Amino acid sequence: VYPGAAAGHDGTVFHLGPNLGISWAGAGVWRPTVPGRPNDPAALVRNLDMLADRVLRLAPADGLAPLVPRLLDDAPLQAFRRKTGSALVLAALPAVATLQRWIASAMTSGSLSTVPASSLERLIGLGPGLTPSGDDCFIGTLVALRSLGWQRAADVLAAWLLPRARHRTHTISYAHLACAAKGEGAAALHDTLCALCSPDGAGPGALAALESIGHSSGWDALAGLALVTRLHATVLSAGGNDPA
Amino acid sequence: MQVAAQIRARPGIRQAAAFMGTPSNRDLLGEAGLSTPDDQRARPEDLILAVDAETDAVAEAALATARQLILERRRAAETAATARPRTLDSALRMMPRANLAAISVPGQHAAFEAMRALKRGLHVFLFSDNVPLQDEIELKREALRRGLFCMGPDCGTAYVNGTGIGFYNVIPRGRIGCVAASGTGLQAVASRLAALGEGISYGIGVGGRDLSEGVGGMMTFFALEALGSDPSTEAIVLISKPPHPSVLPKLKTALRGLGKPTVVCCLGASSPEEGRVRWVGQLDAAADAVTNLHCGRAWTPRPFNDPETIRARFAEIRRQQAPAGGILGLFTGGTLAYEAQLILKELVHGLGPEGCGDVEGISHRVLDLGDDEYTRSRPHPMIDPQIRTELILEAGRSPKVGVLLLDLVLGHGAHPDPAASLAAAIREARATAQAAGRRVLAVASVVGTAGDPQNLQAQVRQLADAGAEVIPTNAEATRFAALLVRPELSHVLLETRP
């Protein structure tokens, strides 16, 4: 393979230049596991609390991980002590809080206001790593919205996000975001969500799998997933809107 | 990110980070006052490496190193791409005459890869665990149909044609063939055989579930048959947990038909001697028995092979302050932990079914630190000693622990110098206890051979220098630990008056 070589596919083989082909004949299609609808909101809240407790002990100081316990706990983000946050967390905080407010209003009122562009834009492509922490957070958010049935909110968020991400982040991260917009993320992310929605709680295995993704990518995605799942639990507990 | 972490660890570096040149990250740099004209030109596809150092010179040197590291990584990746096959088929193209595939992939994919290897006519060494039972049954059926070995799943160790696979000790080739359901069990027996001047012809792992009802001993029977007809194998050792009752009669028939001296070590199960088949209760006894029996020498089990030395050590320890607490076994080898539990259950009251108990305020516990509970999100304790170090230090602070019972497994695959951290932890725990007016004793055994890369003698010396009693085998070490907490056992174990 050399720069400029033609790439294409003939239905079963992906060709890269004249000499290399990758066949997917006989490959299975991966479908992410879909969480069962939690019948018991109290169980979901309990699972989130258990996970928050575990995360508190295990979360690294890198990326957006320090925000995860608060997002799982539904604690006000504004109260995050400024002196404890890294420059990245402090830069991300207003955008994450905005995202949280927007999703909360989408879930409770059912009305989908315009995405508050100016402050959310800051999260796109923000942070270290090949997939910047901010992008991972969006990935967790979109996967959780799709998996938990908040399709319209996911549609609106994705329609706002993807055109901007084209210019504000790099190609590989954009590809991840485009998959997440369809509800597809790393298997560990789906497994964590399923574990949270199961009656018997989130086992330590789910978290271990998430931790293994990238340097801090798993934790950054967990931030988005935690944000959505906690709001979802609050809505369910209040007997509120059905996402569908 | 790894390069950034390496740079961060250098002296004089306050902070280092690697990120893509996205607008948000460029703003972040600007807000931190770290912006330069260069990074403001960066695009989202560019990598920015930012360093905050005590002096400009330190920063420049760090950036130069980072560039070097990235180049090296790229070169390594390119070399690996040309030299290392990524699939079974490309590996076979590179080595068309290979007849064995060693497979170590996550459990859920392992059966698929193993089946693929079998279908290409390869024997399989399946290191992976967490393979579903039904998959194991199908793999072994397929292997038998093709006359191939499927060693594992969860097969830690094997010796084939003088080559060790997985975690293994350096053992001379010899005349004893082993079939083992446990990796550390095989390592312990093979190392003991080497110490006795013997060697092994083959060591065939079969996986921990082979003698279960579901698998029905498929690979054990196949391996026994192969060793029975192998001319280089003069005697056979079988190492396993007790077979399922439904498999036992068939196993006994197979053993009778081998026609070679055979020693069966099914930890926790026993059976009367039958023809040339002898059942023993411990791993060291298996090696000792087969060494003697295949030469036609009589052999009877003894608590200690060298009772004189043990008696002397015991007497010397008894002259000093007695340990007040119970035994805490901290094991890296699962089978060694299981063997210790079985022995202690017999000798020391107060050892419950899960290896812990509490009688008259003294409790004894044996922990297998290789168990899932301790290895989640961290390497196996044979590779990373940290978990055991923490527990030993904790034991030093606890009045409940009087004797630490420890194993140390050497060989390929294990930590390069496992005794160093173990000795340091023992020393610190003993000192902590002493400062509190208590006494903690450490009893250890080492599985290893003179040929192992860690240097067996040096490893033993490090432990002894830290004050540990190093006893030749795990079974003897466990009995010695029992003696220390129940001196009246010397009547039985050392044939002396307490």
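Placed above this text is the structure.
Everything quoted here is computed from the prediction, not taken from an experiment.

A. Broad picture of the overall build of chain B. Tallying secondary structure elements over chain B gives 19 helices and 17 strands in all. Each of the 498 residues in chain B was classed as buried or not, and the buried ones make up 50%. Considering only contacts in chain B between residues 6 or more positions apart, those separated by 24 or more positions represent 69%.

B. Region of the structure containing the overall build of chain A. When helices and strands are counted, chain A shows 10 helices and three strands. In sequence order, chain A lays out its α and β elements as β-β-β-α-α-α-α-α-α-α-α-α-α. Out of the 244 residues belonging to chain A, those deemed buried represent 50%. Sequence separation of at least 24 residues holds for 65% of the intrachain contacts in chain A that already meet a minimum separation of 6. About 10,900 Å² of surface is accessible on chain A, with carbon and sulfur atoms providing 58% of the total.

C. Molecular detail of the sheet that holds strand β3 (residues 100-103) of chain B. Residue and element names in this part refer to chain B. An order of β3-β4-β5 is seen for the three strands of this open sheet, with the pairing classed as parallel. Edge positions in the sheet fall to β3 and β5 (150-151), since each has one partner strand and no second. Note that β3 and strand β4 (residues 123-126) share four bridges and pair parallel. Bridge pairing in β4 places Ala102 opposite Phe125. Sheet strands in contact with helix α6 (residues 107-119) are β3 and β4, and its direction is about 160 degrees off that of β4.

D. Broad picture of the pattern of salt bridges. Residue and element names in this part refer to chain B. As enumerated under the stated definition, the model contains 23 salt bridges over all chains in all. Across the pair Glu488 and Arg486 runs a salt bridge, and its minimum N-O distance is 2.9 Å. Glu488 sits in the partly exposed class, given a relative accessible area of 39%.

E. Quick look at the state of the cysteines. As enumerated under the stated definition, the model contains zero disulfides over all chains in all. Free of any disulfide, A:Cys194 has its nearest cysteine sulfur in A:Cys197, 7.0 Å distant. Left unpaired, B:Cys155 is separated from the closest cysteine sulfur, that of B:Cys150, by 9.0 Å.

F. Up close: the sheet that holds strand β3 (residues 20-23) of chain A. Residues and elements named next belong to chain A. Ordered in space as β1-β2-β3, the three strands form an open sheet in which the pairing is antiparallel. Where the open sheet ends on each side, the last strands, each with one partner, are β1 (7-9) and β3. When strand polarity is set aside, the average angle formed by the axes of neighbouring strands in this sheet is 15 degrees. As paired elements, β1 and strand β2 (residues 13-16) share three bridges and run antiparallel to each other. Within β2, the position partnered with Ala7 by the bridge is Leu16.

G. Region of the structure containing the environment of B:Gly174. All names here are of chain B. Positionally, Gly174 belongs in strand β8 (residues 173-180). The exposure class of Gly174 is partly exposed, given its relative accessible area of 24%. The spacing of Gly174 and Glu234 is 60 residues in sequence and 9.0 Å in space, taken between C-alpha atoms.

H. A look at the packing of helix α16 (residues 418-435) of chain B against helix α17 (residues 456-465) of chain B. Residues and elements named next belong to chain B. Two elements in contact, α16 and α17, have axes separated by 8 Å at closest approach and are oriented at 10 degrees. In terms of axis orientation, α16 runs roughly parallel to α17. Between α16 and α17, the contacting residues are Pro418, Ala419, Ala420, Leu422, Ala423, Ile426 and Arg427 on the first element and Gln459, Gln462, Leu463 and Asp465 on the second. Split by residue class, the contact of α16 with α17 holds seven nonpolar, two polar and two charged.

I. Spotlight on unusual backbone geometry. Residues and elements named next belong to chain B. Of note, the bond from Gly152 into Pro153 is cis; its omega dihedral lies within 30 degrees of zero at 15 degrees. Mapped onto the secondary structure, Pro153 falls in the loop between β5 and β6 (157-160). Despite not being glycine, Asn130 shows a phi value in the positive range, around 60 degrees. One non-glycine residue, Asn161, lies in the positive phi region at around 50 degrees. Along the chain, Asn161 turns up in the loop between β6 and β7 (163-166). Here Asn161 falls in the partly exposed class, since its relative accessible area comes to 48%.

J. Local environment of the pairing of strand β10 (residues 235-240) of chain B. Residue and element names in this part refer to chain B. Burial analysis of β10 places six of its six residues in the buried class, which makes it a mostly covered element. Burial along β10 is two-sided: Ala235, Val237 and Ile239 facing one way and Ile236, Leu238 and Ser240 facing the other are all buried. Note: β8 against β10, five bridges, orientation parallel. Pairing of Ala180 across the sheet is with Ile239, part of β10. Where β10 and strand β11 (residues 262-266) come together, five bridges link them in parallel fashion.

The rules behind the values
- Residues numbered from 1 in each chain as written.
- Chains lettered and ligands numbered in written order.
- Predicted model: local features only at pLDDT ≥ 70, side-chain atom pairs only at ≥ 80, totals over all residues.
- Heavy atoms only, no water.
- Helix = DSSP H or I, 4+ residues; strand = E, 2+ residues; numbered from the N terminus.
- Buried < 20%, exposed > 50% of the residue type's maximum accessible area, 1.4 Å probe, protein only.
- Contact = heavy atoms within 4.5 Å.
- Areas by Shrake-Rupley, 256 points an atom, 1.4 Å probe, with all protein chains shown as cover.
- Pairing = 2+ DSSP bridges.
- Axes fitted to C-alpha atoms, helices over the stretch in contact; angles between N-to-C directions.
- Salt bridge = Lys/Arg side-chain N within 4 Å of Asp/Glu carboxyl O.
- Disulfide = S-S within 2.5 Å.
- Parallel < 35°, antiparallel > 145°, perpendicular 65-115°, else oblique.
- Nonpolar A, V, L, I, M, F, W, Y, C, P; charged D, E, K, R; others polar.

Remember that the coordinates give geometry; whether it matters functionally is a separate question.
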